[in-house]
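Examining the three-dimensional arrangement
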Amino acid sequence: MTASMDIAQQVDLSALNTLGLPVIAAHYAEPTTIGELQQLLAEAHRQHWPVAVLGGGSNVIPAPYIEGLVIRYAGADTHLEVDGSSGLLHASAGADWPSLVATTAEAGWWGIENLALIPGSAGAAPVQNIGAYGVEIGELIERVVYVDREDSSVKTLSAAECGFGYRDSIFKHALSERAIIVEIVLRVSRNALPRLDYADLAQRVALPATPMAVADAVSAIRRDKLPDPQQLANAGSFFKNPTVPESLAAALSERYPDMPRYPAAGGVKLAAGWLIDRCGLKGFKRGHFGIHERQALVIVHVGGGSAQELGAFANTIAEQVEERFGVQLEQEPRFLGFPA
Ligand code: EPU
């Protein structure tokens, strides 16, 4: 047994969520190995502490005070297993996702370049199946390794077992209180396979493309539309794009012929940003929160607000969309450390 892990007490974690919400954790630790993580779980069990898992903090709404132990897995090794023109990219959960994309694309490997500049950690990426510009990480995942909180065993899931869907995976459902992801393994390739389905993106990339050129173009588009959380606190898209029945989509298309709509399993996917925008809410501000001026799907926090105020603000937005379009919006960021 190695020396016991440091557990800090009464820790201010406000800087570790990109929404910039105030948060104190009763106990906090950053294990860097699976062994350290297992020690922490044993200690939490002995002390009867509830456990909350924090990743890059870019998709969470934390409770103001978190009872129990917050664990942020900080192991961040990455390595590439090369087999001819294909590769398996191994990333420990604590690796910074945007840095991983940049180094992989720079080295000429195709696969994750469309997911450039998405803030967060590698370990959190499969939880919500991060996706942008026509690519979702679920398409590239070979396997996900996690520690099961029930018995501290290390388990591996294939991509099929992860149950990936739009902004969804098993880690939000059956394993949401059980899995602490420690490593992800992604398939990458030397063979050019530019994914330029988005008109915006295709326009910015000269052919023949390199992975870095695609990553740079995606980054430029994101910088145009999305606020940098370092400068203006936010958690990216605050709502998911809703899937509605064909009948409702048809009725709305008749009233709003320019409404964006995309085919989706079980109905038609609408653009939540467009719906919010059409309610006249782009740039809307109340208290310490607002709707971003360039992308209505993003709620920004100007500082001084609370999780509770954010909840009320988000409800106001969702209510207006529902009243006007009859569409219910679902929140995308996850709650962290609230009592069950
Ligand atoms: N739109 C508006 N007004 C707005 C925002 C969007 O009219 O304020 C319209 C756009 O003109 C477009 C449509 O809505 O016709 C879709 O907009 P966009 O392509 O910008 O993408 P999105 O659906 O709003 C999703 C993801 C983003 C991802 C982009 C690009 C979700 C919840 N969001 O946004 O992901 O970067 O596509 O692929 O699916 C995130 O999850 O944090 C995120 C930023």
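Basis of the calculations
- Residues numbered from 1 in each chain as written.
- Predicted model: local features only at pLDDT ≥ 70, side-chain atom pairs only at ≥ 80, totals over all residues.
- Heavy atoms only, no water.
- Domains from an automatic or database assignment.
- Contact = heavy atoms within 4.5 Å.
- Buried area = accessible area lost by both parts, 1.4 Å probe.
- Salt bridge = Lys/Arg side-chain N within 4 Å of Asp/Glu carboxyl O.
- Polar contact = N/O pair within 3.5 Å; in protein donor to acceptor, adjacent residues only side chain to side chain.
- Helix = DSSP H or I, 4+ residues; strand = E, 2+ residues; numbered from the N terminus.
- Buried < 20%, exposed > 50% of the residue type's maximum accessible area, 1.4 Å probe, protein only.
- Lys, Arg positive; Asp, Glu negative; His and termini not counted.

Take the domain arrangement of the protein chain next. Looking at the assigned domains, one finds that the protein chain contains domain 1 (3-71), domain 2 (78-225) and domain 3 (233-336). Each of domain 1 and domain 3 has a C-alpha centre, and the two are 30 Å apart. Tallying the contact residues gives 15 residues for domain 1 and 17 residues for domain 3. In total, about 1300 Å² of surface goes out of reach between domain 1 and domain 3, with carbon and sulfur atoms giving 65% of it. Considering only the surface of domain 1 that becomes buried against domain 3, Leu19, Asn59 and Ile61 emerge as the three largest contributors, covering 52% of it. Viewed at the interface, domain 3 and domain 1 are joined by zero salt bridges. Our enumeration of links across domain 1 and domain 3 arrives at seven residue pairs in polar contact (both at pLDDT 80 or more). Counting residues per element, the side of domain 1 that touches domain 3 draws most heavily on strand E4 (residues 60-62), at three residues.

Take the pattern of salt bridges next. The full count for this structure, using the stated rule, is 14 salt bridges. Salt-bridge contacts for arginine 72 lead to glutamate 30; the nearest nitrogen and oxygen are separated by 3.6 Å. Here arginine 72, found in the loop between strand E5 (65-71) and strand E6 (78-83), pairs with glutamate 30, found in the loop between strand E2 (24-29) and helix H1 (34-47); they are 42 residues apart in sequence, far enough to count as distant. Take arginine 72: its relative accessible area is 23%, and that puts it in the partly exposed class.

A few words now on the side chain of lysine 269. Tracing the chain through its elements places lysine 269 in strand E16 (residues 267-270). No salt bridge is formed by the buried lysine 269. Its closest oppositely charged neighbour is glutamate 136, at 5.5 Å. Not counting residues up to four positions away in its chain, the partners in contact with lysine 269 are Tyr166, Asn241, Pro242, Thr243, Pro260, Arg261, Tyr262 and Ala264.

Here we take up the side chain of lysine 172. Relative to the helices and strands, lysine 172 is located in the loop between strand E11 (154-158) and strand E12 (179-189). The exposure class of lysine 172 is buried, given its relative accessible area of 15%. A polar contact of 2.7 Å, which involves the side chain of lysine 172, links it to the backbone oxygen of arginine 167. In this structure lysine 172 touches Val127, Gln128, Arg167, Lys240, Glu332 and Arg334, once residues within four positions along its chain are discounted.

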